[in-house]
Amino acid sequence: MKRILIDCDPGHDDMMAIMLASSSNELELLGITTVAGNQTGEKTYQNALKTLTLIGRTDIPVARGADKPLFRELTGAPEIHGVSGLDGADLPEPGVQGVEQHAVDFLIQTIMESGTPLTLVPTGPLTNVALAMLKDPRITTKLERIVLMGGAVFDSNITPAAEFNIYVDPEAAKVVFGSGVPITMVGLDVTNKALFGFDDIEELSRLNGKVSRVVAPLLKFFAQANKDIFGFDGAPLHDALAIAHLIKPEVIKTRNMNVEIETEGALTRGRTVADVYGISNRTANTDVALEVNNSLFKELLFQAIEVLDTR
Ligand code: RIB
Ligand code: CA
């Protein structure tokens, strides 16, 4: 069983990542830390607590983190996730408070006290992760791997050159990609292909269980927002694919290459510069996802919701 931590900015797809992780027998979700990104720090924190309340997992500790990037003002995504960060359905009020500790200290303590190396799964801007590495660099030798949703080789969303999580805090991403921790980058090249379609959402709605009857309208909101903005025929459940890879590694295919982060370009801020052909001779620091098995991904998602409906 792989022991993991999720650092996230819920967000509809972050919510699905939490659901996938907390319903899998392959994973032990030790804790969740939240960061400002899709919405403000307060809203992403509350959304993580609401998600755990909905699925009956208030035993999983949640620690709130950074309310803004290291050096920049926060860029949110209300056009995609709505004013609440989880628009589309009424979620239960949190049935639990988070831990007192700041997310950065929670990450450091959990990683350093673990008897076995942990896997860290960031699915939002990398502010908390960078701060933790800067505050206690020892964690970089204690982590087994970072499997992050972020970046892209050929795709983009927040600007023509960048993916949202990296764009929001490129300096933090530069710290993380330069940390020496093995990284798997689950980027838009695969997540924008792994759409959860409107027909899949209808199928989910027909389950009519205590979780599925809430998730279906949430995903319909998210899918419609992505259709309106990008013309997608469904919901790209970006963050959940990072978790799916930990459950069934074969859900994506990766290639090892150097990835560096652009922090200065006026047009290219936040670009993950992926050296696909090895031209730079820089160290290959990242396994980059380039192919996805969407039917396997959907199978894992439906399995997870069915488990949570009956728990
Ligand atoms: O670009 C997609 C990523 O940005 C996802 O993690 C989404 O939740 C937002 O954080
Ligand atoms: Ca996210």
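Residues numbered from 1 in each chain as written. Chains lettered and ligands numbered in written order. Predicted model: local features only at pLDDT ≥ 70, side-chain atom pairs only at ≥ 80, totals over all residues. Heavy atoms only, no water.

Draft legend 1. Molecular detail of the coordination of the calcium ion (ligand 2). Bound to the calcium ion (ligand 2) are the protein donor atoms Asp 9 (OD), Asp 14 (OD), Asp 14 (OD), Thr 123 (O) and Asp 239 (OD), situated 2.2 to 2.6 Å from the metal. Each donor residue of the calcium ion (ligand 2) lies on one chain, and together they are spaced D-x4-D-x108-T-x115-D. Placement of the pair is Thr 123 in the loop between strand 4 (118–122) and helix 5 (127–135) and Asp 239 in helix 12 (residues 238–247), with a sequence separation of 116 residues. Assessed through its relative accessible area of 1%, Thr 123 is described here as buried. (Donors = N, O, S within 2.8 Å, 3.2 Å for Na, K, Ca; no water. Helix = DSSP H or I, 4+ residues; strand = E, 2+ residues; numbered from the N terminus. Buried < 20%, exposed > 50% of the residue type's maximum accessible area, 1.4 Å probe, protein only.)

Draft legend 2. Expanded view of helix 2 (residues 41–54). The terminal C-alpha atoms of helix 2 lie 20 Å apart, and with 14 residues this matches the ideal 20 Å at 1.5 Å per residue to within 8%. Of all 14 residues making up helix 2, eleven are buried, and the element is well covered by its neighbours. Inspection of helix 2 places Gly 41, Thr 44, Tyr 45, Asn 47, Ala 48, Leu 49, Lys 50, Thr 51, Leu 52, Thr 53 and Leu 54 among the buried residues, and these make up the whole buried set. Contact partners of the buried residues in helix 2: helix 1 (12–23), strand 2 (27–34), strand 3 (62–64) and helix 11 (212–230). Positive phi appears at Gly 56, one or two residues downstream of helix 2, with a value of about 70 degrees. (Expected span 1.5 Å × (residues − 1). Contact = heavy atoms within 4.5 Å.)

Draft legend 3. Geometry of the sheet that holds strand 5 (residues 143–149). One open sheet holds the eight strands; their spatial order is 3-2-1-4-5-6-12-9, and the pairing between them is mixed. Both outer strands of the open sheet, strand 3 and strand 9 (252–257), are each paired with one neighbouring strand and no more. Looking at each pair of strands side by side, their axes are set apart by 25 degrees on average, direction ignored. Looking at chain direction, strand 2 and strand 3 are connected through three bridges and run parallel. Paired with Thr 33 across the strands is Ala 63, a residue of strand 3. Running at roughly 175 degrees to strand 3, helix 2 makes contact with strand 2 and strand 3 of the sheet. (Pairing = 2+ DSSP bridges. Axes fitted to C-alpha atoms, helices over the stretch in contact; angles between N-to-C directions.)

Any functional reading would require information that these geometric values do not contain.
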